[in-house]
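Architecture at a glance
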Amino acid sequence: MMNVVLVGCGAMSRQWLDAARQIDGLAIVGLVDLDAERAKARAREYDLTRAVIGTSLDVVLDQTRPDAVFDVVVPAARRAVAFSAFAHHCHLLTEKPLADSPENARAIVEAARQAGRVHAVVQNRRYVANVRRIRRFLDSGAIGAATSIHADFFVAPHFGGFREEMAHVLLLDMAIHTFDAARYMVAGEPAGVYCQEWEPANSWYRQGSSAAAVFDLGGGKRFTYAGSWCAVGFRTSWESTWRIVAERGSLIWDGNDALKAEVVVPGRDGLFDKIEAIEVPPLDPADRIGGHLGIIQDFMRAIETGTEPETRGTDNIKSLAMVFGAIESAETGRRVAIPTQEGQ
Ligand SMILES: NC(=O)c1ccc[n+]([C@@H]2O[C@H](COP(=O)([O-])OP(=O)(O)OC[C@H]3O[C@@H](n4cnc5c(N)ncnc54)[C@H](O)[C@@H]3O)[C@@H](O)[C@H]2O)c1
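In this report, we go over the structure that sits alongside the text.

The environment of the ligand is made up of 24 residues, and the closest members are Met12, Asp33, Arg38, Lys96 and Asn124. In this structure, an oxygen atom belonging to the ligand sits 2.5 Å away from a side-chain N or O atom of Arg38. Arg78 is positioned such that a nitrogen or oxygen atom in its side chain is 3.3 Å from an oxygen atom of the ligand. For the ligand, whose free accessible area comes to 850 Å², the fraction covered by protein is 84%. The residue makeup of the shell around the ligand, split by class, is 11 nonpolar, five polar and eight charged.

What follows deals with the sheet that holds strand E3 (residues 52-54). In a beta sheet, neighbouring strands are held together by backbone hydrogen bonds and run either parallel or antiparallel to one another. Here six strands make up an open sheet; going across it, the order is E3-E2-E1-E4-E5-E6 and the pairing parallel. Edge positions in the sheet fall to E3 and strand E6 (119-122), since each of these pairs with one other strand and no more. With direction set aside, neighbouring strand axes in the sheet form an average angle of 25°. Summarising the sheet, strand E1 (residues 2-7) and strand E2 (residues 26-32) pair through six bridges and their orientation is parallel. By the bridge assignment, Val7 is partnered in E2 with Val32.

On to the packing of aromatic side chains. Within this structure, the stated rule accounts for 13 aromatic pairs. Between Phe179 and Phe215, the aromatic rings sit 4.7 Å apart at their centres with planes inclined by 70°, giving edge-to-face as the arrangement. In this pair, Phe179 sits in helix H7 (residues 169-185) while Phe215 sits in strand E9 (residues 210-216), placing the two residues 36 residues apart along the sequence. Assessed through its relative accessible area of 0%, Phe179 is described here as buried. The class of Phe215 is buried, set by a relative accessible area of 0%. Through successive ring pairs, a cluster of aromatic residues spans Phe153, Phe159, Trp204, Tyr205, Trp229 and Trp238. The lysine or arginine in question, Arg132, covers the ring of Tyr127, its NZ or CZ lying 4.7 Å from the ring centre. In this structure, Arg163 packs its charged tip against the face of Phe159, placed 4.3 Å from the ring centre.

Analysis parameters
- Residues numbered from 1 in each chain as written.
- Predicted model: local features only at pLDDT ≥ 70, side-chain atom pairs only at ≥ 80, totals over all residues.
- Heavy atoms only, no water.
- Near = heavy atom within 4 Å.
- Polar contact = N/O pair within 3.5 Å; in protein donor to acceptor, adjacent residues only side chain to side chain.
- Areas by Shrake-Rupley, 256 points an atom, 1.4 Å probe, with all protein chains shown as cover.
- Nonpolar A, V, L, I, M, F, W, Y, C, P; charged D, E, K, R; others polar.
- Pairing = 2+ DSSP bridges.
- Helix = DSSP H or I, 4+ residues; strand = E, 2+ residues; numbered from the N terminus.
- Axes fitted to C-alpha atoms, helices over the stretch in contact; angles between N-to-C directions.
- Phe/Tyr/Trp six-rings, centres within 6.5 Å; stacked < 30°, edge-to-face > 60°.
- Buried < 20%, exposed > 50% of the residue type's maximum accessible area, 1.4 Å probe, protein only.
- Lys NZ or Arg CZ within 6 Å of the ring centre and 35° of its normal.

This is the structure:
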């Protein structure tokens, strides 16, 4: 049995607890929130009558001595939560983003290494069937190597809460999913970025609700991202809409079910190369999916088998580096080199 304390009983904690109750061999032994009423409410809602409830993670970890911590707090509290978890010799699965600054990201990853604990991030949007299918299809070489990756994200939610007050809200709180998916789908190695952020006149956010970025993903690959969190009308999928151009064809995905590809065939029609539709194969049984549930299961498997999970902090920090590079570029108006995460 793996005993777990969950910290941060706000909106997202439901997704974690919904997933956790589907897993045999996982017990939530503690619930922590600065607001004790929230933790108590979750305990009632999920029938966790024996869980220790508290407002201090340190205190609850001392009382329960669990194997792992599930961190669902706001990004600003992540470093303190991570250090508390590792000090109590716990493995740590954390909500995205891994940290709220490059310094804190490096410090958390280093603390995990020193503690010898598994540390992974819920970067759940790569655990999506069509993201897995795209990676496998591109790896097959059916349309050649990807050269140009384009993603559009236009969703306009009224969350309230910390997002409406934070800086760089789109880049720091949401774009990480799209950047991580891009890096994963084309096996990119981020090397640099130009980015601009702006606040449309109708925005209900303090700063950074809209952004456009161009990344160098290594090997000549470019990734363009256009996004807004206050663009009303023609909403895109939460996964973004995608066009991936490769050497011998292209792929488009609406971020939902429509995934199509075309490949060049011999001959010309006037000015244009002839093209044909080509099927993107269905999901392979080996492709791991399932959002929060899939990631929690991978995290547990890694602990049990002494391996590293796919969304380990040492890899996820590369997607986070895309976010911080984009923020620095938006602030300075310059292209920013994205450091390779050496030794990570
Ligand atoms: N993976 C996804 O798809 C996805 C979607 C939405 C949000 N998130 C992430 O989930 C995290 C939480 O988001 P949310 O929407 O649940 O926020 P929220 O504000 O609803 O909940 C956060 C909770 O953490 C508590 N908290 C803050 N600091 C704490 C501390 N030091 N100790 C104990 N409790 C503390 C707050 O009291 C609050 O109840 C964020 O990092 C967010 O980016 C991920």
